[in-house]
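# Descriptive analysis of the structure
Given next are the chains, with one letter for each unit.
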Amino acid sequence: MLGKCFFVIVLLSLVFGLFTGNAAALGNAALDGAARAVEVTLSLVGMTALWCGVMRVFTECGTVRLLSRLLSPLLRPVFPGAWQDERCRETVTAAVTANMLGLGNASTPLALTAMRELGRASPGEATDDMVTFAVLGTAPFNILPATLIALRRAAGSAAPCAVVVPVWICSLAAALFGILLSRLLRKAGRQHA
Amino acid sequence: MTFLLETLPALLVPLVLALAAFPLASSKKDYVSAFRAGAEEGLRTAVGLLPSLVLLLTALSMLSASGFVEFLASHLAGACRAVGIPAEILPLALTRPFSGAASTAGYAELMETYGPDRFPALCAAVLMGPSDTAVYVVSVYFSGAGVGRTRHALPAALLTGVFALVLACLLCRLFFGG
């Protein structure tokens, strides 16, 4: 998928760059992008180590198992395949919890761990649960949209929290839509795989 | 409300870490080596992601320099107004799937230009909540898992983003008028 994305994006950029007269800037932009990948990785490394370590501690002392049992009625119907396996169940629970709480940047490292566990069942090709999990990752349901409120307060909003209720409704609906859509597109996805 | 939405989130990370500190201090079982094993695995994942990220961010950086977003935004403005999406937020909505940093900057700029409590900025706020950088998330998640064939993940993620955009504007109309 990454190869195809690269192909489409680079060709689009070239065509539009020539078309809009921005072609000269493309070379520098490409090199900037590569440099930024290193910056992103560096900023991710410490965080990933911390959260994956903390997650392991919570797993070994049973906190995650308790949490996955609590969230089971909610998550089992969404990830039926993953729920058969204990490690999948626990890593998915941890990632979803971090995502809902907006826990710093913990959700990406935990999501990566969960994806690796989910991927053990079918190396090389995405399973239905992996697709659902990734789609939910792009449409997270965030109970505490703290970053958004901080941005609004910084911009001088009269009521920074006023958007919270529509954000909840929109997040919940988008998450449900994402789950439904990844289910509906399963057959098409299998044919093109 | 302020406590729940501003003070509590700020305390969440230290609270979770404090919760982890209890088992770490226990002498019955060696939780520190559990932490180290988890952290080491996390490190390997993060560093292993770099080659894929180089490929992805190089392409995305070129795309944002090519003027593609501006072109698309100016050509889709009419169609979007027809379905109730303010044209002002189109550049943001089109950047959102590709870059988190750029879309956050775009949102801040939108608030500065129109005011944080005006209709376009409110729509943008409601959109920022439930949409994350779809292309980035899907690539990173599957690269981290070593999976090349992602099936319908990207189309489903992008369509969910479109759904969130339309719904966000509709909700703003209901809640704030405009």
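Nothing here was measured: the structure is a model prediction, and the numbers come from that model.

## Here's the deal with the overall build of chain A
When helices and strands are counted, chain A shows nine helices and zero strands. Overall, chain A is about 55 × 50 × 35 Å in size when its C-alpha atoms are taken along their principal axes. In chain A, the proportion of contacts linking residues at least 24 apart, taken out of those at least 6 apart, comes to 58%. With an accessible surface of roughly 8,800 Å², chain A has 66% of that area assigned to carbon and sulfur atoms. Where the 16 positive side-chain charges of chain A centre and where its 10 negative ones centre are 6 Å apart.

## Brief notes about the overall build of chain B
When you go through chain B residue by residue, the secondary structure sums to nine helices and zero strands. Traced from its N-terminal end to its C-terminal end, chain B shows the element sequence α-α-α-α-α-α-α-α-α. A globule of 178 residues ought to have a C-alpha radius of gyration of about 16 Å, yet chain B, at 21 Å, is considerably larger. Taken over the C-alpha atoms alone, chain B extends approximately 65 × 45 × 25 Å along its principal axes. The long-range share in chain B, meaning contacts at least 24 apart out of those at least 6 apart in sequence, stands at 60%. With the model as given, the accessible surface of chain B reaches about 8,000 Å², and the carbon-plus-sulfur share is 68%. Between the averaged position of the 10 positive side-chain charges in chain B and that of its 10 negative side-chain charges there is a distance of 11 Å.

## With respect to the side chain of A:Ser13
When you line up the elements, A:Ser13 lands in helix α1 (residues 2–20). Beyond its immediate chain neighbours, meaning those up to four positions away, A:Ser13 contacts A:Leu26, B:Ala59, B:Met62, B:Leu63 and B:Ser66.

## Focus on the confidence of the model for chain B
Residue and element names in this part refer to chain B. Residue-level pLDDT values for chain B average 90, and 99% of them are 70 or greater. Here helix α1 (residues 2–25) stands out as the element of chain B with the lowest mean pLDDT, 86, in contrast to helix α9 (residues 153–176), whose mean of 94 is the highest. As a predicted assembly, this complex carries a pTM of 0.91 together with an ipTM value of 0.90.

## A word on helix α5 (residues 107–119) of chain A
Spanning 13 residues, α5(A) covers 18 Å between terminal C-alpha atoms, matching the ideal 18 Å at 1.5 Å per step. Of all 13 residues in α5(A), 11 are buried, a share of seventy percent or more. Buried residues along α5(A) sit against α2 (23–60), α4 (86–101) and α6 (128–138) of chain A together with α2 (31–48) and α8 (134–144) of chain B.

## Topic: helix α8 (residues 164–184) of chain A
Over its 21 residues, α8(A) extends 30 Å from the first C-alpha to the last, a length consistent with the 30 Å expected when each residue adds 1.5 Å. By the burial criterion, the buried members of α8(A) are A:Val164, A:Pro166, A:Val167, A:Cys170, A:Ser171, A:Ala174, A:Ala175, A:Gly178, A:Ile179, A:Leu181 and A:Ser182.

## Examining the packing of helix α7 (residues 119–128) of chain B against α9(B)
All names here are of chain B. Put simply, α7 and α9 touch, their axes get as near as 8 Å, and they point 130 degrees apart. It follows that α7 is oblique to α9 by the angle criterion. α9 is crossed by α7, and the crossing has right-handed handedness. On α9, the residues that touch Phe-119, Leu-122, Cys-123, Val-126 and Leu-127 of α7 are Ala-164, Leu-165, Ala-168, Cys-169, Cys-172, Arg-173 and Phe-176. Taken together, the residues of the contact of α7 with α9 break down into 11 nonpolar, no polar and one charged.

## Notes on the interface of chain B and chain A
Opposite the 90 residues of chain B that make contact, chain A presents 96 residues. Buried surface at the junction of chain B and chain A, both sides included, amounts to about 8,400 Å², of which 77% is carbon and sulfur. Where chain B meets chain A, there are six salt bridges. A salt bridge links A:Glu125 to B:Arg149, with the shortest nitrogen-to-oxygen separation between them at 3.9 Å. The tally of links between chain B and chain A comes to 19 residue pairs in polar contact (both at pLDDT 80 or more). Broken down by secondary-structure element, the contributors of at least two residues to the side of chain B that touches chain A are α1, α2, α3 (50–65), α4 (68–82), α6 (100–114), α7, α8 and α9 of chain B. Among the elements that line the side of chain B that touches chain A, the one with the most residues is α3(B), at 14 residues.

## Let's talk about the nonpolar core
A:Phe79, A:Val92, A:Met115, A:Leu118, A:Met130, A:Phe133 and B:Phe142 are the most contacted members of the largest nonpolar core, which has 71 residues in total. Sequence-distant contacts of A:Met130, defined by excluding residues within four places in its chain, comprise A:Met115, A:Leu118, A:Gly119, A:Glu125, B:Phe142, B:Ala145 and B:Val147. In this structure, B:Leu92, B:Ala125, B:Leu127 and B:Met128 belong to the second largest nonpolar core, which totals 34 residues.

## Overview of the environment of B:Gly148
Take B:Gly148: it is sitting in the loop between α8 and α9. Once the C-alpha coordinates of B:Gly148 and B:Gly177 are considered, the two residues, 29 residues apart in sequence, prove to be 45 Å apart. Leaving out residues up to four positions away in the same chain, B:Gly148 has contacts with A:Met1 and A:Gly124.

## Re the pattern of salt bridges
On inspection of all chains with the given rule, the structure shows 13 salt bridges over all chains. The partner of A:Arg120 in a salt bridge is A:Asp85, and the shortest N-O contact between them spans 3.5 Å. With A:Arg120 in the loop between α5 and α6 and A:Asp85 in the loop between α3 (63–75) and α4, this residue pair connects regions lying 35 residues apart in the sequence. The salt bridge involving A:Arg116 is made with B:Glu41; its shortest N-O contact spans 2.4 Å. One end of the pair, A:Arg116, is in helix α5; the other, B:Glu41, is in helix α2, on a second chain. Note on B:Glu41: relative accessible area 26%, which makes it partly exposed.

Basis of the calculations
Residues numbered from 1 in each chain as written. Chains lettered and ligands numbered in written order. Predicted model: local features only at pLDDT ≥ 70, side-chain atom pairs only at ≥ 80, totals over all residues. Heavy atoms only, no water. Helix = DSSP H or I, 4+ residues; strand = E, 2+ residues; numbered from the N terminus. Contact = heavy atoms within 4.5 Å. Areas by Shrake-Rupley, 256 points an atom, 1.4 Å probe, with all protein chains shown as cover. Lys, Arg positive; Asp, Glu negative; His and termini not counted. Charge placed at Lys NZ, Arg CZ, Asp CG, Glu CD. Rg over C-alpha atoms; globule rule 2.2 N^0.38 Å. pLDDT = per-residue confidence, 0-100. Expected span 1.5 Å × (residues − 1). Buried < 20%, exposed > 50% of the residue type's maximum accessible area, 1.4 Å probe, protein only. Axes fitted to C-alpha atoms, helices over the stretch in contact; angles between N-to-C directions. Parallel < 35°, antiparallel > 145°, perpendicular 65-115°, else oblique. Left-handed = near helix turned anticlockwise from the far one by under 90°. Nonpolar A, V, L, I, M, F, W, Y, C, P; charged D, E, K, R; others polar. Buried area = accessible area lost by both parts, 1.4 Å probe. Salt bridge = Lys/Arg side-chain N within 4 Å of Asp/Glu carboxyl O. Polar contact = N/O pair within 3.5 Å; in protein donor to acceptor, adjacent residues only side chain to side chain. Core = buried A, V, L, I, M, F, W, Y, C linked by side-chain atoms within 4.5 Å.

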